[in-house]
Amino acid sequence: MNIVKFCVLLLLFVTKSLAAPYKSSNSCGYESCNLGKSDKLNVHIVVHTHDDVGWLKTVDQYYYGSHKEIEKRGVQYILDSVMEALVDNPDRRFIYVEMAFFWRWWNQQSNDTRDIVKQLVNEGRLEFISGGWSMVDEATTHYNSIIDQHALGAEFLYETFGDCARPKIGWQIDPFGHSREVASLFAQMGFDGLFFGRADYHDLIDRSTKRTREMIWQTTSNLDPQNWLFTGILPLYYFGPPSFCFDITCRDQPIMDDPSLHDYNVPERVETFIGEALAQAEIYATNHIIMTMGGDFFAENAHRNFKNLDKLIYYVNLQQENGSDVNVFYSTPSCYLYALNKAGKKWSTKTDDFLPYASTPFVYWTGYFTSRPALKRYERYANNILQATRQLNGFSQINRRNVIFSFSEAMGLAQHHDAVSGTSKQHVADDYTQRLSDGIDRATEVINSAYGKLLPKEGQTASVPNQFLCQYSNISECLPIEGQEQFTVTLWNPTIHPVTVYHRVPVTKQYLIYDPIGNLVSAEYLPIPNTTKSIPGRMSSAQNQYLFEVTLPALGYNTYYFQAKGQQGAGNKKNTITTENQACMLQNEYLRVEFDDLGNLKRMVNLAKNLTVSFIEQGLYWYTGYAHANSSAVSPSSGAYIFRPLFPQAQPVSILRRINCTYTDTMQKASIVFNKWASYEFNLYRNSSVVEVEWIMGPIPIDDDSGKEIIIRFNTDINNAKKYYTDANGRQVLERIRDYRPTWHHVPDDPISSNYYPINSRIWIQDESRQFTILTDRSQGGGSMYDGSIEIMIHRRLLRDDSMGVREALNETAYGQGLVISGKHILVLDRPSDSARLHRTTAQQLFMHPLATYSLPNTSLSNYSTKFRQTWSALLDTMPLNVHLLTFDQLSPKQYLIRVEHYFEANEDAFYSKPATMNLQTMFKSIGNIKDVMELILSANLPLADLHRLNWTAKDQQPSHKNTLRQSSLNGTTIILDPMQIRTFQIDIV
């Protein structure tokens with residue numbers, strides 16, 4: 001013990017004597033920053049670790065350091081070591097990002113350790129950057145989940161450390177491309193800046209030459225300059241300069257500073273470092289540069305790292321006595337940003353995004369836009385359940401938010417840039433899925449508690465039948481209801497507008513269906529398609545399904561009662577007409593869709609507006625994935641990250657196809673089967689203005705030893721002049737131009753993958769009179785390879801790793817064969833001026849679909865109706881159609897967090913792009929009166945009135961934001977929302 005104490009004291013003496021002078025401060029934030037010397041090149045040393053919350057190992061395997069055969073380090077040891085090293089020397093600083101890990105570590109610390117960490121935070125020596133549960137992917141995430149996961153981390157930090165822990169900087173050092181919408185959300189979270197590591201190699205060359213690697217990103221055209229964000233591209237991804245890695249995983253030489261010993265290397269190390277600093281300064285615009293001293297899971301021995309950095313800082317600064325202009329010190333990204341802000345410079349601007357990302361010629365990171373499509377869909381499905389569960393918890397006032405924390409945590413992990421992106425190892429992807437599944441189980445507990453209060457009529461004390469989810473309804477399976485004499489379906493509408501949907505229930509017998517007021521429902525009894533029944537793993541014996549139309553109240557539910565028919569009614573069937581391998585036409589009062597006898601889609605007609613789109617070609621195709629035994633990062637195979645087709649021409653999955661058309665009163669469909677592993681259905685419902693395409697894909701055959709990347713393609717007669725449009729994270733839409741980049745001269749070395757963009761919710765092409773839009777049910781990749789064409793990649797199965805780190809081929813299997821995927825696209829045809837009204841509302845309903853729960857009441861309809869409400873709504877008044885309830889979360893018995901948004905963009909609709917007015921009290925009529933309203937920033941960790949962001953000046957003289965815009969229109973409980981605006985409120989009720 002005495003020897004240990006002596007070593008610690010000796011280390012303290014040495015480091016204090018060698019380190020650069022420290023600006024002592026008892027405060028956090030910008031006031032604690034060392035801004036360097038005005039007449040020197042100031043090198044901000046940022047010590048960090050990049051800790052993936054799952055990639056090669058699961059989040060908990062990484063935390064504990066288990067499975068050393070995959071990766072040796074453990075995050076718990078990193079955080080232990082860092083805290084000790086920070087205590088040893090007050091000059092040292094460290095940043096941390098991933099709250100999923102820090103939360104795990106914090107829960108295991110003693111009160112003494114916690115006190116030490118709080119002091120480090122309050123002194124600005126430990127700084128939390130970004131502060132999300134994970135470092136989000138930016139191409140495949142939806143804005144709802146991005147906000148949630150950042151708010152989850154922000155809440156933990158605020159409750160644990162207070163204001164000093166509020167993140168002010170976005171730190172996206174590893175994601176594989178960067179989204180305009182994510183940057184916009186960061187600005188709304190109060191961030192002053194964003195730093196990231198990856199940008200297209202062409203862009204980096206151009207910006208380095210022009211010294212514009214730091215800029216003002218105009219992240220939206222909707223919200224004025226208040227939404228701009230200062231953005232910087234780091235010099236070396238997120239690593240330090242070559243030969244200066246002192247982590248235990250590195251082989252670089254330490255600073256050997258005793259001249260009396262062999263291998264003394266201070267002069268050479270100092271000269272090399274100064275050379276690196278001067279070279280880096282040539283590509284940046286001020287006398288401040290940042291050096292990120294860290295890497296993946298660095299600092300398990302933080303003493304070793306810091307000790308060498310202490311020495312390096314001391315000896316480099318010592319050279320100032322000999323005329324050196326280099327000044328080095330420990331810093332943080334926020335302090336570096338603050339120094340840039342104080343430099344008084346006018347900055348260049350950017351309006352587009354940083355997608356797609358190419359690391360070298362021919363190497364486009366566009367495959368992950370589609371990789372692991374089942375996980376991508378499951379994440380979206382889970383979020384739907386989470387939002388509905390929060391609403392049920394809040395409107396029933398059961399205050400069980402803590403029960404679904406694990407669900408929120410699982411969703412936070414799923415947003416990680418190696419999670420929903422589909423770029424982790426298979427066992428890690430399985431772990432993400434299992435966590436979501438466990439979270440859904442916890443949500444079911446809350447759903448039952450909520451319905452336990454909402455369902456019973458006043459004065460009724462009967463036990464509420466247990467509610468359960470049928471999570472395999474996408475393959476027409478719901479085992480608990482099979483063979484039952486009666487059961488109920490309760491549908492919760494999570495939107496603030498009434499919706500009409502067509503619900504399907506797979507059954508093993510025939511039923512009478514009663515609506516909430518006891519009337520018989522007009523339902524159709526239809527066979528389940530063979531393509532669905534043959535999906536591997538389907539256990540249901542149901543051969544038929546009921547299809548019926550339901551209209552649900554806003555923020556409310558309807559319950560439908562199913563009673564098995566007696567023998568007398570068993571044969572009642574509605575007329576159904578079918579055709580086989582004949583030309584057919586689907587038509588309702590709004591649309592007509594025409595097919596020839598070979599199953600080719602020929603025309604789509606908007607009858608109400610006399611618009612017709614002809615299809616030159618339409619179907620399912622595959623690209624052969626490039627594969628090479630000697631794949632490398634500069635010449636990779638197609639894999640989890642990389643889309644690299646062997647040939648630019650896609651091959652049809654089958655030369656022949658079969659078409660069957662079915663006509664009923666409710667629905668008309670064309671079922672097209674290409675082969676035993678590829679099929680889809682076009683569904684046109686009564687009173688619908690859109691066409692639904694439901695596809696089943698897989699198992700993708702690999703018996704020819706070729707990986708395949710499956711696309712659905714629509715070649716039309718629309719002359720889109722190379723332009724197409726894709727959304728950013730489900731919100732704003734960006735114009736894309738084939739073979740073009742707005743920022744630099746683009747050479748289309750790979751004409752296919754270079755024109756792929758992420759599609760989170762929609763893609764369209766248009767000419768002067770027609771717009772053809774496709775909505776997706778998950779994130780996918782796609783683009784327009786030819787005028788008139790849209791293609792979307794829906795599934796991938798590849799046999800080689802792409803050499804980007806995961807060390808595993810993207811070859812998903814289930815039940816002993818390739819994975820089968822089912823999904824949905826929605827087709828919209830309208831005038832360009834009118835399309836937003838339809839695609840915005842339809843996409844929102846697809847994203848926030850009604851939540852169906854089932855129960856087995858074991859009682860008659862009469863008794864059930866006596867005891868339970870079969871319809872209920874939280875709203876009495878109509879809400880504006882262009883407003884969406886993004887968050888409704890009960891924080892405590894009388895306190896709620898809500899987010900409302902205007903989800904139309906400016907100038908995309910003549911009526912719905914106007915500001916919307918709403919009264920917050922409308923949403924609380926069923927539970928109480930609003931006593932107090934406090935508007936917060938988007939991450940809900942600061943009152944909006946207390947937000948003071950840094951001001952920046954663009955070269956065109958525009959300020960980066962105007963504080964006057966913060967005090968926007970709050971009059972009592974009535975608010976105004978501008979297009980694309982999200983507003984966050986903490987509400988107290990009585």
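Residues numbered from 1 in each chain as written. Predicted model: local features only at pLDDT ≥ 70, side-chain atom pairs only at ≥ 80, totals over all residues. Heavy atoms only, no water.

Undergrad: Break down the side chain of T973 for me, citing the residues and quoting the values.
TA: If you trace the backbone, T973 turns up in the loop between strand 48 (970-971) and strand 49 (974-977). The exposure class assigned to T973 is buried, which follows from its relative accessible area of 19%. Reaching out from T973, the side chain makes a polar contact with the side chain of N919 at a distance of 2.6 Å. The contacts of T973, once residues within four sequence positions are left out, are M918, N919, L920, Q921, I930 and V933. (Helix = DSSP H or I, 4+ residues; strand = E, 2+ residues; numbered from the N terminus. Buried < 20%, exposed > 50% of the residue type's maximum accessible area, 1.4 Å probe, protein only. Polar contact = N/O pair within 3.5 Å; in protein donor to acceptor, adjacent residues only side chain to side chain. Contact = heavy atoms within 4.5 Å.)

Undergrad: So, the pairing of strand 50 (residues 982-989): which residues are in play, and what are the values?
TA: Where burial is concerned, most of strand 50 is hidden: seven out of the eight residues are buried. Pairing of strand 44 (residues 895-902) with strand 50, which is carried by seven bridges, proceeds in the antiparallel orientation. By the bridge assignment for strand 50, Y896 is matched with I987. Pairing of strand 46 (residues 930-936) with strand 50, which is carried by six bridges, proceeds in the antiparallel orientation. Bridge pairing links I930 to I989 in strand 50. (Pairing = 2+ DSSP bridges.)

Undergrad: Quick rundown of the domain arrangement of the protein chain? Include the residues and the values.
TA: By the assigned domains, the protein chain splits into domain 1 (30-131 + 167-355), domain 2 (373-573 + 849-873), domain 3 (577-848) and domain 4 (883-989). Computed over C-alpha atoms, the centres of domain 1 and domain 3 are 41 Å apart. Carbon and sulfur atoms make up 51% of the surface buried where domain 1 meets domain 3, a total of about 1,600 Å² over both sides. Interface area lost by domain 1 to domain 3 is led by W55, E181 and L355, which between them contribute 31%. For the interface between domain 1 and domain 3, the tally reads two salt bridges. With its nearest N and O atoms 3.2 Å apart, the salt bridge here joins E181 to R731. (Domains from an automatic or database assignment. Buried area = accessible area lost by both parts, 1.4 Å probe. Salt bridge = Lys/Arg side-chain N within 4 Å of Asp/Glu carboxyl O.)

Undergrad: Pulling in residues and values, what's your account of the nonpolar core?
TA: Counting residues in hydrophobic clusters, the biggest one holds 106 residues, and the most contacted among them are I45, F102, F128, W171 and F273. When neighbours within four sequence positions are excluded, F273 is seen to be in contact with V43, I45, P241, F244, M291, M293, L312, V316 and V328. (Core = buried A, V, L, I, M, F, W, Y, C linked by side-chain atoms within 4.5 Å.)

Undergrad: Before we move on, can you summarise a nonpolar patch on the surface with the specific residues and values?
TA: On the surface, L236, Y237 and F239 cluster together to form a nonpolar patch covering roughly 240 Å² of accessible area. One can find F239 in the loop between strand 7 (229-233) and helix 9 (266-281). (Patch = residues over 30% accessible without salt bridge, like charges linked within 9 Å, V, L, I, M, F, W, Y side chains within 5 Å. Areas by Shrake-Rupley, 256 points an atom, 1.4 Å probe, with all protein chains shown as cover.)

Undergrad: Help me get a handle on the pattern of salt bridges, residues and values and all.
TA: Applying the stated rule across the entire model yields 48 salt bridges. Across the pair K824 and E692 runs a salt bridge, and its minimum N-O distance is 3.3 Å. One end of the pair, K824, is in strand 40 (residues 821-830); the other, E692, is in strand 29 (residues 691-697), with 132 residues separating them in the sequence. Here K824 and E692 have matching classes, each one buried.

Undergrad: For the UniProt feature "domain: Glycoside hydrolase family 38 central" (unreviewed entry) in the protein chain, give the residues involved together with the corresponding values.
TA: UniProt's feature table lists "domain: Glycoside hydrolase family 38 central" (unreviewed entry) at residues 363-436, given in the numbering used throughout. Spanning residues 363-436, this segment combines 61% helix with 3% strand, and its end C-alpha atoms are found 32 Å apart. (UniProt positions renumbered as here; feature names shortened; annotations may be inferred.)

Undergrad: Describe the state of the cysteines, and please don't skip the residues or the numbers.
TA: For the structure on display, the rule yields five disulfides. Here C28 engages in a disulfide with C164; their sulfurs sit 1.9 Å apart. Between C28 and C164 the disulfide shows an S-S torsion of about -75°. By sign, it is left-handed. One end of the pair, C28, is in the loop between helix 1 (2-18) and strand 1 (41-47); the other, C164, is in the loop between helix 6 (143-161) and strand 4 (169-172), and 136 residues separate them in sequence. A residue is classified by how much of its surface remains accessible, and C28, at 17% relative accessible area, is buried. Residue C164 is classed as partly exposed on the basis of its relative accessible area, which comes to 24%. Covalent S-S linkage joins C33 and C335, the inter-sulfur distance amounting to 2.0 Å. Between C33 and C335 the disulfide shows an S-S torsion of about -80°. By sign, it is left-handed. Of the two residues, C33 sits in the loop between helix 1 and strand 1 while C335 sits in helix 11 (residues 333-341), which places them 302 residues apart along the sequence. Neither residue differs from the other here; C33 and C335 are each classed as buried. Disulfide partners in the protein chain, listed by the sequence order of the bonded cysteines, are 1-3, 2-6, 4-5, 7-8, 9-10. (Disulfide = S-S within 2.5 Å.)

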